[in-house]
Amino acid sequence: MNYTSQLAYNDEVQLEGYQFRPFRVYPDVKINDADTYYGVGPHDNLGKISQKFYNTPDFNWFIALANDIKLENTELYAGLKIRIPAFETLVSYLMELKQ
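Residues numbered from 1 in each chain as written. Predicted model: local features only at pLDDT ≥ 70, side-chain atom pairs only at ≥ 80, totals over all residues. Heavy atoms only, no water.

What's the story with the side chain of Thr-56 in this structure? I'm lost.
As for its placement among the helices and strands, Thr-56 is situated in the loop between helix H1 (46-54) and helix H2 (60-67). Ignoring sequence-local partners within four residues, the contact set of Thr-56 consists of Ser-50 and Gln-51. (Helix = DSSP H or I, 4+ residues; strand = E, 2+ residues; numbered from the N terminus. Contact = heavy atoms within 4.5 Å.)

In C-alpha cells form, the structure reads like this:
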C-alpha cells in the first residue's frame, strides 16, 4: 500500500493562473524488529518525538508516515501507541527516496 501524503505542502505549483499543491506518494515504511513502540505523552507532538528518537525534529514526517498520521498532529493524544522506526530503517528509506 502506498500513502498519499500532504507533507509536501510547501511545494506550490502555478499553472495558468491557478495554484496547486501537488501530492507525493511515498512507499510504506517497512516494519523492523528494531522498531520501538512509544506511548504518546500529554504534551508530545511529532517534532518532540522525532527529537527524542532521532536527535532532530526534522523527521516528524517519517514518524507520521510510519503510523499513517497526518502531519498536523490532530490524531495524537496521550496514551496513543505509535511505532518509531529504527534509525537504520530511516537511513535506508532516505537512500531509497534519493534514487
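Please clarify how the nonpolar core should be interpreted in this entry.
Soluble globular proteins: nonpolar side chains tend toward being buried together. Counting 21 residues, the largest nonpolar core has Ile-49, Tyr-54, Phe-62, Ile-63, Ile-82, Ile-84 and Tyr-93 as its most contacted members. Mapped by element, the contributors of at least two residues to this core are H1, H2, strand E6 (81-84) and helix H3 (87-98). Per element, the largest residue contribution to this core is 6 residues, and it comes from H2. When sequence neighbours within four positions are dropped, the list of residues in contact with Ile-49 reads Tyr-38, Val-40, Asp-44, Ile-63, Ile-82 and Ile-84. (Core = buried A, V, L, I, M, F, W, Y, C linked by side-chain atoms within 4.5 Å. Buried < 20%, exposed > 50% of the residue type's maximum accessible area, 1.4 Å probe, protein only.)

I'm lost on the packing of aromatic side chains in this one. Help?
The relative placement of two aromatic rings is captured by the distance of their centres and the angle of their planes. Per the counting criterion, the structure on display carries 6 aromatic pairs. Considering the side-chain rings of Trp-61 and Tyr-93, the 6.3 Å spacing of their centres and the 45° angle between planes classify their relative orientation as tilted. Of the two residues, Trp-61 is situated in helix H2 and Tyr-93 in helix H3; the sequence distance between them amounts to 32 residues. Tyr-93 matches Trp-61 in its accessibility class, with the two residues each being buried. A network of ring pairs unites the aromatic residues Tyr-54, Phe-59, Trp-61, Phe-62 and Tyr-93 as a single cluster. (Phe/Tyr/Trp six-rings, centres within 6.5 Å; stacked < 30°, edge-to-face > 60°.)

So what exactly am I meant to see when it comes to the packing of H1 against H2 here?
In a pair of packed helices, the angle between the axes and the distance between the axes together describe the arrangement. As a packed pair, H1 and H2 sit with axes 8 Å apart at the nearest point and diverge in direction by 100°. By the angle class used here, H1 and H2 are roughly perpendicular. Residues Leu-46, Gly-47, Ile-49, Ser-50 and Tyr-54 of H1 form the contact with H2, whose participating residues are Asn-60, Phe-62, Ile-63 and Ala-64. Within the contact of H1 with H2, the residues separate by chemical class into 6 nonpolar, 3 polar and no charged. (Axes fitted to C-alpha atoms, helices over the stretch in contact; angles between N-to-C directions. Parallel < 35°, antiparallel > 145°, perpendicular 65-115°, else oblique. Nonpolar A, V, L, I, M, F, W, Y, C, P; charged D, E, K, R; others polar.)

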